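Remarks on the overall topology
Chain by chain, the residues run as shown.
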Amino acid sequence: MMTFALKKYLLALGAGAVAVVSAATAAAAPLKIGVTPGSLADSVQVAAKEARQAGLDVQVIEFTDWTTPNTALDAGDIDINYFQHQAFLDNAIRDRGYKIESVGVGLLPNIGLYSKKHAALADIPAGSSVGVANDPVNQARGLLLLQTAGLISLRPGVGAKASVNDIVGNPRKLKLLEVEGPQLVRALDDVALAQGYPAHLVNAGQRELASRALLYSTVDDLYYAIRFVARSDRKQDPRIAQFVQLYQASPAVAKQISASFADDAKLYSLPWKNAAKAAP
């Protein structure tokens, strides 16, 4: 006859076996990485290929907007995303309460003021339409660059929180049009000037234009470096650290990033090469 103690032991043993199986199943599942099309997706695809060769199964999932990647991550549908800088992440966490955080630094893209119609900022006519990103963080970055260009003035002290409502000086009476970030490349056909990411132009087949911005932002602001982001309760997953390290160390990834930026070193930087400054 089976004693109560033996039954309890066998039940515990069975539960432990189930836990081991569950852990093994989780480890066997692919590491799901959410990206947006262009330079980020292209470089991650290169890293994913190398990861698979090293025994780490990686699935790359592309999103066409800047909201869903965080929603999917917070819900646990993906394990990590790579599309946003720290300023965007901070804003998303503040507005939506996501339990997500940066676990590694990626490339630092420059932004520029672009025009298909005018060769210099001085040529932008009064009353012209100017495209800026419609999300709060990237809009602020674009507005600060417009201020640096002398086209507008912003309320003192707004900094990275600037919006079109903070414009206090607009001598040329420019019409600021708020455009979904990924669509700013298309907007260039309809406006006199627009903020833009060089890599988006390269991805759209406009490599020459990517290197002809009328003005570029600085390339040493780590606050705008793209981040690898994970759920706070999963940030210790060793697969995430393995992938981030592989991405940063891979010559093939660096080569792809360069190609995505028209092989023009002034359009981007790789902040992880300065480990002291690039900590998550």
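Predicted model, so just to flag it, every value in this text is computed and none were measured.

Observations regarding the packing of helix H2 (residues 39–53) against helix H10 (residues 251–260)
Running from amino to carboxyl end, H2 crosses H10 at an angle of 160 degrees, the nearest separation of the two axes being 9 Å. In this view, H2 runs roughly antiparallel relative to H10, as classed from their interaxial angle. As H2 packs across H10, the resulting crossing turns out to be right-handed. Note on element contacts: H10 touches H2 through Ala252, Val253, Gln256, Ile257 and Ser260, opposite Ser39, Asp42, Ser43, Val46, Ala47 and Glu50. Split into classes, the residues belonging to the contact of H2 with H10 amount to 5 nonpolar, 4 polar and 2 charged.

A few points about the packing of aromatic side chains
Summed over all chains, the structure comprises 10 aromatic pairs. Geometrically, the ring pair formed by Tyr82 and Tyr247 is edge-to-face, given 5.2 Å between the ring centres and 70 degrees between the ring planes. With Tyr82 in strand S3 (residues 80–85) and Tyr247 in helix H9 (residues 238–249), this pair connects stretches of sequence that are 165 residues apart. Residues Tyr82 and Tyr247 agree in their burial class; the two are buried.

Structural notes on the sheet that holds strand S12 (residues 215–216)
Strand order in the open sheet formed by 5 strands is S10-S7-S11-S6-S12, and the pairing between neighbours is mixed. Looking at which strands have only one partner, the edges of the open sheet turn out to be strand S10 (175–179) and S12. Here strand S6 (residues 112–114) runs beside S12; their pairing, made up of 2 bridges, is antiparallel. Each residue of the ladder has a partner; that of Leu113, found in S12, is Leu215. Seen against the sheet, helix H5 (residues 136–148) touches S6, strand S7 (129–133), S10, strand S11 (193–196) and S12 and runs at an angle of roughly 140 degrees to S7.

Quick notes on the pairing of S7
The element S7 is extensively covered by neighbouring structure, given that 4 of its 5 residues are classed as buried. Direction of pairing for S7 relative to S10: parallel, over a ladder of 5 bridges. Residue pairing in the sheet places Ser129 in a bridge with Lys175 of S10.

Looking at the nonpolar core
If you look at the biggest cluster of nonpolar residues, it comprises 53 residues, and the most contacted ones within it are Val58, Tyr82, Leu107, Phe243, Tyr247 and Ile257. Counting residues per element, this core draws most heavily on H2, at 6 residues. Core analysis: the next-biggest nonpolar cluster, separate from the first, contains 20 residues, Ile124, Ile152, Leu174 and Leu214 among them.

Here's the deal with the sheet that holds S3
Strand order in the open sheet formed by 5 strands is S2-S1-S3-S13-S4, with mixed pairing between adjacent strands. Strand pairing shows two members of the sheet lacking a second neighbour, strand S2 (58–62) and strand S4 (100–105), which therefore form its edges. Across the sheet, the mean angle separating the axes of adjacent strands is 35 degrees when strand polarity is ignored. As judged from the 3 bridges shared by strand S1 (residues 31–35) and S3, these two strands associate in the parallel manner.

Comments concerning the packing of helix H4 (residues 86–96) against H5
Viewed as axis vectors pointing N to C, H4 and H5 meet at an angle of 140 degrees, and their least axial separation amounts to 8 Å. The angle between the axes of H4 and H5 places the two elements in the oblique class. Of the residues in H5, those in contact with Ala87, Phe88 and Asn91 of H4 are Pro136, Val137 and Asn138. Here the residues of the contact of H4 with H5 sort into 4 nonpolar, 2 polar and no charged.

Focus: the layout of surface pockets
The volume enclosed by the largest pocket comes to roughly 290 Å³. In terms of lining, the largest pocket is formed by Thr36, Pro37, Phe63, Thr64, Trp66, Pro182, Gln183, Val185, Arg186, His200, Asn203 and Ala204. Among the secondary structure elements, those contributing two or more residues to the lining of the largest pocket are helix H6 (184–187) and helix H7 (198–203). For the lining of the largest pocket, the per-class residue count stands at 6 nonpolar, 5 polar and 1 charged.

Remarks on the environment of Ala72
Turning to its location among the elements, Ala72 is positioned in helix H3 (residues 68–75). Each C-alpha atom of the pair Ala72 and Gly34 lies 8.4 Å from the other, and the pair is 38 residues apart in sequence. If we ignore the near neighbours within four places in the chain, the residues touching Ala72 are Phe63, Asp77 and Ile78.

Some points on the side chain of Asn81
Along the chain, the position of Asn81 falls in strand S3. A distance of 3.2 Å separates the side chain of Asn81 from the backbone oxygen of Pro69, its partner in a polar contact. Once you skip the residues sitting within four places of it in the chain, Asn81 turns out to touch Gly34, Pro69, Asn70, Leu73, Arg227, Phe228 and Val229.

Calculation criteria
- Residues numbered from 1 in each chain as written.
- Predicted model: local features only at pLDDT ≥ 70, side-chain atom pairs only at ≥ 80, totals over all residues.
- Heavy atoms only, no water.
- Axes fitted to C-alpha atoms, helices over the stretch in contact; angles between N-to-C directions.
- Helix = DSSP H or I, 4+ residues; strand = E, 2+ residues; numbered from the N terminus.
- Parallel < 35°, antiparallel > 145°, perpendicular 65-115°, else oblique.
- Left-handed = near helix turned anticlockwise from the far one by under 90°.
- Contact = heavy atoms within 4.5 Å.
- Nonpolar A, V, L, I, M, F, W, Y, C, P; charged D, E, K, R; others polar.
- Phe/Tyr/Trp six-rings, centres within 6.5 Å; stacked < 30°, edge-to-face > 60°.
- Buried < 20%, exposed > 50% of the residue type's maximum accessible area, 1.4 Å probe, protein only.
- Pairing = 2+ DSSP bridges.
- Core = buried A, V, L, I, M, F, W, Y, C linked by side-chain atoms within 4.5 Å.
- 1 Å grid on protein atoms, 1.4 Å probe; cavity = no way out; pocket = protein on both sides within 12 Å on 5 of 7 lines; lining within 4 Å.
- Points joined across faces, edges and corners; volume = space filled by probe spheres on them.
- Polar contact = N/O pair within 3.5 Å; in protein donor to acceptor, adjacent residues only side chain to side chain.

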